[in-house]
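Each chain, written out:
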Amino acid sequence: MSNITFMEDPSSRKVTRFLFLLQIIGMGIVLVLSLRHLVFLAIALSVLTLIIFIIILLWLYARFRELPVMREKRELERLVLKFQKGVHTEEQYIQAAVRERARLLQAEKEEISTALGTLQKNHIQNGLRMTSIQETSISGVGPTAKERLAGYDILSAADITDKITALPGIGEEERRALIDWRRSVLDTLESTQPSALPQKQLTAIQQKVQALHGQNNATDRKARASQQMLQYELLSFRERLRQLAPFTFPRYLSRSLASRGIVAAPLAMALIMTQVVSSVSATTVSIISWIPTGTASPTATSLAAQKATSTITHPPTASGAEIITSVQTSTFTATSSPTETRTSTPTQPATLTVTLTSTPTPFPTFTLQPSNTAIIPVSGSGNCDPSYPGVCIPPPPPDLDCKDVPYKHFQVLAPDPHKFDRDGDGIGCES
């Protein structure tokens, strides 16, 4: 077996190690860029490392094919293919010779049978022509009838046919007698016809066929000898190819990474995985960047951003002309912790400021600011339904609608007997 091994190629080992380090560094940089959401740079670097990876692999494969052991392997594979085609061709020649042998045997039998049939036919025809009507005594046919037949050139048994009835002077009895006589002559000739060819003729046919058999047998022997030689050569080629079977491109790469297979296998796997991780991470970040993110935008009808303002004026009490005026502003904001601030300043008129800030949606934040607008309750201040804490609305009966009260955008709590909060967002009479 050849002493050339993959370990004797230091250039491939240097290039393979460079590729391994390049892949590891590139993977690290791609991961960092991916974590920083630098999608374009991550993809560009991943593609660059992939191109370098492919170029180096192609260079290594070209160098692998130029190794002497690989040139020998390719030449042996070419010879094996060529000899296999030769064996197949010789097998076709052998099968053709077998078919030709069977054809010659059949042709010999057919030629002998044809020659014998021709000999028998000639024997009968010659016998009929040689049997003369004039020289043979035929019962029912006298000399006069024979002379009359001779006048019509009917001289032998071969000349007698069914047409003799149309001849003038030949009666029905004479016609029957002539036909019976011809049949008896024919039976005699058939019983005496040859049953085999003459030895000379038979030998001539056999010699001709034997010559053809000799040519066919020579072709058969030549094809079998050639096939046997090709098969012997194939055995030696295949044995050498079996010895060269371990010399493959993956093994060449593993030997380039490390001299020991137990170390080369993990390194080769790591080399592949670095490129896979680099490509997958860049692709994943690219896909994530293209996925649209949901952003809640405050609208006038959403629970995330609503604002309601109501003005509350308490009537003067019996002790004096004290007026308490408050403006309630309800704002829904998205903060992280609920905060409630209450500010009360007892003055003439008194001002009450309440600020409620609530983060978790859909809980609102209320801000009550003072106002000088007077509000007249529907009924007395002592008959206010607790479902409407910011205003003073009496409980039913009667059942009131928004048009029956002067308030807009006020806080509503359960059970809301007047059904001012139809949409259930905690704010009554919004429109």
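Residues numbered from 1 in each chain as written. Predicted model: local features only at pLDDT ≥ 70, side-chain atom pairs only at ≥ 80, totals over all residues. Heavy atoms only, no water.

### So, the overall build of the protein chain
Basically, it comes down to this: Numbering of helices and strands starts at the N terminus; helices are DSSP runs of H or I of at least 4 residues and strands are runs of E of at least 2. Categorising residues by exposure relies on relative accessible area from a 1.4 Å probe, with only protein chains included: less than 20% of the type maximum marks a residue as buried, more than 50% marks it as exposed, and the intermediate range marks it as partly exposed. Only heavy atoms matter for contacts: two residues are in contact if any of them lie within 4.5 Å across the pair. All accessible areas in this document rest on Shrake-Rupley with a 1.4 Å probe, and a residue is counted as covered only by the protein chains that are shown.
Each helix and strand counted, the protein chain has 8 helices and 7 strands in total. Put simply, the protein chain has 431 residues, and 34% of those count as buried. When contacts within the protein chain are restricted to residue pairs at least 6 apart in sequence, those whose partners lie at least 24 apart make up 64%. A total of about 26500 Å² of accessible surface is found on the protein chain, and carbon and sulfur atoms cover 61% of it.

### Notes on the nonpolar core
To keep things clear, this is the line we draw: In this text, buried Ala, Val, Leu, Ile, Met, Phe, Trp, Tyr and Cys residues form a nonpolar core when linked through side-chain atoms within 4.5 Å.
Ranked by size, the top nonpolar core spans 21 residues in total, and within it Phe64, Leu67, Val69, Met70, Phe237 and Tyr252 carry the most contacts. Within the residue set of this core, elements represented by two or more residues are helix H2 (39–65), helix H3 (68–130), helix H6 (199–244) and helix H7 (249–257). The element that contributes the greatest number of residues to this core is H3, accounting for 7 residues. Listed in part, the 19 residues of the second largest apolar core include Ile133, Ile154, Ile160 and Ile164.

### Brief notes about the packing of H2 against H7
What counts, and what does not: In this analysis, axes come from line fits to C-alpha atoms, helices being fitted only over the stretch in contact, and the angle between any two N-to-C directions falls in the range 0 to 180 degrees. Orientation categories follow fixed angle ranges, with anything under 35 degrees roughly parallel, anything over 145 roughly antiparallel, 65 to 115 roughly perpendicular, and all other angles oblique. Asp, Glu, Lys and Arg are counted as charged, while Ala, Val, Leu, Ile, Met, Phe, Trp, Tyr, Cys and Pro are counted as nonpolar; the rest, among them Gly, fall into the polar class.
Viewed as axis vectors pointing N to C, H2 and H7 meet at an angle of 110°, and their least axial separation amounts to 10 Å. When the axes of H2 and H7 are compared, the pair comes out roughly perpendicular. In this structure, H2 uses Leu57, Leu60, Tyr61, Arg63 and Phe64 to contact H7, whose residues at the interface are Phe249, Tyr252 and Leu253. Of the residues assigned to the contact of H2 with H7, the class counts are 7 nonpolar, no polar and 1 charged.

### Section: the environment of Lys82
Note that Lys82 resides in helix H3. Distance from Lys82 to Leu230, taken between C-alpha atoms, is 9.7 Å for residues 148 residues apart in sequence.

### Let's talk about the state of the cysteines
Quick note on the threshold: Any pair of cysteine sulfurs within 2.5 Å is marked as a disulfide.
Tallied over the entire structure, the rule returns 2 disulfides. Disulfide pairing is shown between Cys384 and Cys392; the S-S distance is 1.7 Å. Judged by the sign of its S-S torsion, about -80°, the bond between Cys384 and Cys392 is left-handed. Looking at Cys384, the relative accessible area reads 32%, which means it is partly exposed. For Cys392, a relative accessible area of 11% gives the class buried. Residue Cys402 pairs covalently with Cys429 via a disulfide, S to S 2.1 Å. Residues Cys402 and Cys429 share a disulfide whose torsion about the S-S bond is about -95°; that sign makes it left-handed. Here Cys402, found in the loop between strand E5 (365–369) and strand E6 (410–411), pairs with Cys429, found in the segment after strand E7 (427–428); they are 27 residues apart in sequence, far enough to count as distant. Residue Cys402 is classed as partly exposed on the basis of its relative accessible area of 22%.

### Digging into the packing of aromatic side chains
What counts here: Only centres within 6.5 Å qualify two rings of Phe, Tyr or Trp (six-membered ring in Trp) as a pair; their planes then separate them into stacked at under 30 degrees, edge-to-face at over 60, and tilted for everything else.
Counting across every chain of the model gives 10 aromatic pairs. Aromatic side chains Tyr61 and Phe64 sit 6.0 Å apart centroid to centroid with 35° between the ring planes, which places their arrangement in the tilted category. Highlighted residues: Tyr61 and Phe64, both in helix H2, separated by 3 residues, approximately one helical turn. Summarising the aromatic geometry, the rings of Phe249 and Tyr252 are spaced 6.2 Å apart at their centres and angled 25° between planes, so their arrangement reads as stacked. Within this pair, Phe249 and its partner Tyr252 are both found in helix H7, separated by 3 residues, close to a single helical turn. Residue classification places Phe249 among the buried residues on the basis of a relative accessible area of 19%.

### Things to note about the pattern of salt bridges
Side-chain pairs of opposite charge can arise where the charged atoms are in close proximity. Quick note on the threshold: Any Lys or Arg side-chain nitrogen found within 4 Å of a carboxyl oxygen on Asp or Glu counts as a salt bridge.
Within the structure shown, the criterion is met by 11 salt bridges. Glu100 serves as the salt-bridge partner of Arg103, at 2.7 Å between the closest nitrogen and oxygen. Placement of both Arg103 and Glu100 in helix H3 is noted, with a separation of 3 residues, approximately one turn of the helix. A salt bridge links Arg242 to Glu239; the shortest N-O distance between them is 2.6 Å. One end of the pair is Arg242 and the other is Glu239, both in helix H6 and 3 residues apart, which spans about a single turn.

### So, the environment of Cys392
Relative to the elements of secondary structure, Cys392 occurs in the loop between E5 and E6. Placed 15 residues apart in sequence, Cys392 and Tyr407 show a C-alpha to C-alpha distance of 9.5 Å.

### What about the confidence of the model for the protein chain?
Under the convention used in this document: Each residue carries a pLDDT score, the predictor's own confidence in it, on a scale running from 0 to 100.
In the predicted model, the protein chain carries a mean pLDDT of 75, and the fraction of residues at 70 or more is 69%. Between residues 294–380, whose pLDDT stays under 50, and residues either more than four places distant or in other chains, the model counts 176 contacts.

### A look at H2
Worth spelling out the cut-off: A helix's residues, less one, multiplied by 1.5 Å, set its expected span.
Look at H2: 39 Å from first C-alpha to last across 27 residues, which is about the 39 Å you get at 1.5 Å a residue. Buried within H2 we find Val39, Ala42, Leu45, Ser46, Thr49, Phe53, Ile56, Leu60 and Phe64.

### Describing the packing of H3 against H6
Our working rule: With the far helix as reference, a near helix turned anticlockwise by less than a right angle produces a left-handed crossing, and one turned clockwise produces a right-handed crossing.
Relative orientation of the contacting elements H3 and H6 amounts to 165°, with a least axis distance of 8 Å. Taken together, the axes of H3 and H6 lie roughly antiparallel to each other. For the crossing formed where H3 meets H6, the hand is left-handed. Residue classes in the contact of H3 with H6 are distributed as 25 nonpolar, 10 polar and 16 charged.

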